[in-house]
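Structural characterization, general
Each chain, letter by letter, is given below.
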Amino acid sequence: MMNDNEASFDDNIKLAALIKKARNRTIWRNIIISLTVMLFILVGGWFVNLQLQYRSADNAMRDIEMFEEISGPNHYLSGYRTHYGFLSGTLEYQTYKIVEGVPVVWEPENYEFSSWGTFTRSLGNYSSLSVQDTAMQEQGFQYTRPYNRYSSEREMMFYLPSVEYANYLNETPELNAMNGQKLVEMALSFDTNYSVKQIQSMLPTDVHPVWYWVDTYKPMIQQLPDGTVLEPNPDLAGSVYGFGIRPDNPDVTEQKFLDALENGIQVKGKYKQEYERIYDYLRDGKEKPTIDGVRVIGVVVTGTANRLKALQGQTYVKAAVLGAIIDKY
């Protein structure tokens, strides 16, 4: 028979066991609750992040495709791929040109976007391949010939009529050395500005204008601290604005360019300030820009090498720079 001390000891042991069991149960319950909350947060965070990225990618695609309408000389976007990550993602477009009805694969364009709605073109994704040209060096050119780093085709260059360049590149003589059936893309820079109708009437019949370069800015004069004025370089195809035919729409009018500007301003996307700058420049103090205010200072034309020879000696052509050159078959 137990005495009181023994009974009390057994009770303490049982109580300690119950307390330990309750503590363990509480610990496990807290662990399960914490894991459940953590899993909920992770799943919820992943879902929210994914939804934010879906929205950011959609907005980025909208802005890129709209801006392409005024900034891609004979340049078109094809399919795209989207990759989603944590708080950021990437968007890759395939691009191409069309030379006399034949598509020419161009380099892909990569963009990085965030869950917060910002996006930017990947660094190093839009640089040209510069190659020393012996003929250009002999003529005193201070810049090199740009090539597309993906296709190795020539990149077009554009010369402003309001700027006096030390040298102008005229590659129409090179047409004489080509197979006459080669399909050729060429950028023409004019001696002054013209309307679309004037250009269509003065170009040779078999030379097809596919993109019109619009005067959208006043040239910036670069000057060193000692007062030396730097010789201006022509603009590359990726830094000019204009309008042209589209694969699904062959119509070309100045109003098409103005409509693209107004749409860009209304959307209020990434390029809104640039749309507004061009819009304000074209309206020139008026309430809104007019068709007469859209002046064209250059074009991209296509045709066979034989047919583009008709451009040789044309006085309105200040510079002529070759772009993509391909075989028909």
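Up top is the structure these notes are about.
Residues numbered from 1 in each chain as written. Predicted model: local features only at pLDDT ≥ 70, side-chain atom pairs only at ≥ 80, totals over all residues. Heavy atoms only, no water.

**Section: the pairing of strand β8 (residues 183–194)**
Condition: Throughout, exposure labels follow a simple rule: accessible area from a 1.4 Å probe, protein chains only, divided by the maximum for the residue type, with under 20% read as buried, over 50% as exposed, and the rest as partly exposed. Helix numbers and strand numbers start at the N terminus; a helix is a DSSP run of H or I with at least 4 residues, a strand a run of E with at least 2. Two strands make a pair as long as DSSP finds a minimum of two bridges between them.
Across the 12 residues that make up β8, a large majority, 9, are buried. Sheet topology places β8 next to strand β12 (residues 296–304); 8 bridges connect them, and they run antiparallel. By the bridge assignment for β12, E185 is matched with T302.

**A look at helix α4 (residues 254–267)**
Operational definition: Each helix should span, by expectation, one fewer than its residue count multiplied by 1.5 Å. When we speak of the arc, we mean the arc of directions from the helix axis to the C-beta atoms.
For α4, spanning 14 residues, the distance from its first C-alpha to its last is 21 Å, which sits close to the expected 20 Å at 1.5 Å a residue. All of the buried residues along α4 are E254, F257, L258, A260, L261, G264 and I265. One side of α4 holds all its buried residues, which, seen down the axis, span an arc of 155 degrees.

**Considerations on the environment of T216**
Counted only if it meets this: In this description, contact between two residues means that some pair of their heavy atoms is separated by no more than 4.5 Å.
Mapped onto the elements, T216 comes out in the loop between β9 (208–214) and β10 (235–236). Overall, T216 belongs to the buried group, its relative accessible area being 0%. Along the chain, T216 and L282 lie 66 residues apart, while their C-alpha atoms are 6.9 Å from each other. Sequence-distant contacts of T216, that is, excluding residues within four places in its chain, are made with Y241, F257, R277, I278 and Y281.

**Focus on the pattern of salt bridges**
The line we're drawing: By definition, a salt bridge exists where a carboxyl oxygen of Asp or Glu is found within 4 Å of a side-chain nitrogen of Lys or Arg.
In the structure shown here, the tally under the stated rule is 13 salt bridges. Here E274 ties to R277 by a salt bridge, and the two come within 3.0 Å at their closest N and O atoms. One end of the pair, E274, and the other, R277, are both in helix α5 (residues 272–283), 3 residues apart, so they sit about a helical turn from each other. Judged by its relative accessible area of 32%, R277 falls in the partly exposed class. One salt bridge connects R283 with D280, and the closest N-O pair in it is separated by 2.9 Å. Note that R283 and D280 are positioned in helix α5 at a spacing of 3 residues, about one turn of the helix. Note on R283: relative accessible area 25%, which makes it partly exposed. Since its relative accessible area comes to 40%, D280 is described here as partly exposed.

**Re empty space enclosed by the protein**
The criterion, for reference: Detection works on a 1 Å grid of protein atoms alone, calling trapped sets that fit a 1.4 Å probe cavities and calling open sets with protein on both sides within 12 Å along at least five of seven lines pockets, with lining residues defined by an atom within 4 Å of a point. Grid points are joined across faces, edges and corners, and a volume is the space filled by probe spheres set on the points. Each residue gets one of three labels, nonpolar for Ala, Val, Leu, Ile, Met, Phe, Trp, Tyr, Cys and Pro, charged for Asp, Glu, Lys and Arg, and polar for the others, Gly among them.
The tally for this structure, following the rule as stated, stands at 2 cavities of 30 Å³ or more. A volume near 60 Å³ is recorded for the largest cavity. Lining the largest cavity, in full, are E69, I70, G242, F243, G244, R246, K256, F257 and A260. When residues of the lining of the largest cavity are traced back to their parent elements, those giving at least two are α1 (4–71), β11 (242–244) and α4. Each residue belonging to the lining of the largest cavity can be placed in one class, and the counts come to 4 nonpolar, 2 polar and 3 charged. A volume near 40 Å³ is recorded for the second largest cavity. Lining the second largest cavity we find D63, M66, G264, V267, G269, K270, Y271, K272 and Y275.

**Observations concerning the pairing of β9**
Burial analysis of β9 places 5 of its 7 residues in the buried class, the great majority of the element. Two strands pair when backbone bridges link them, and β9 and β12 are joined in this way by 6 bridges, in the antiparallel orientation. Counterpart to W211 in the pairing with β12 is V300. As paired elements, β9 and β11 share 3 bridges and run antiparallel to each other. Bridging from a neighbouring strand, Y212 pairs with F243 of β11.

**Here we look at the environment of S128**
If you trace the backbone, S128 turns up in the loop between β4 (119–121) and β5 (129–131). Looking at S128, the relative accessible area reads 27%, which means it is partly exposed. Each C-alpha atom, one on S128 and one on R149, is 5.7 Å from the other, the two residues being 21 residues apart in sequence. Beyond its immediate chain neighbours, meaning those up to four positions away, S128 contacts P146, Y147, E155 and L236.

**Comments concerning the side chain of N148**
Test applied: N or O atoms within 3.5 Å of each other form a polar contact, as long as, within protein, one can give a hydrogen and the other can take it, and as long as residues adjacent in sequence are counted only when both atoms are side-chain atoms.
The topology assignment puts N148 in the loop between β6 (145–147) and β7 (157–158). Within the structure, the side chain of N148 is placed 2.9 Å from the backbone nitrogen of Y150, a separation counted as a polar contact.

**Some words on the sheet that holds strand β2 (residues 88–99)**
Rule in force here: The angle between two axes is taken between their N-to-C directions and runs from 0 to 180 degrees, where each axis is a line fitted to C-alpha atoms and a helix contributes only its stretch in contact.
Pairing is antiparallel in the open sheet, where 4 strands are placed in the order β1-β2-β3-β4. Every interior strand has two partners, whereas the edge strands, β1 (76–84) and β4, have only one. Across the sheet, the mean angle from the axis of one strand to that of its neighbour is 25 degrees, orientation sign disregarded. Pairing analysis gives 7 bridges linking β1 to β2, with the strands arranged antiparallel. Paired with L77 across the bridge in β2 is T95.

Fair warning: the whole summary comes from geometry, so function is off the table for now.
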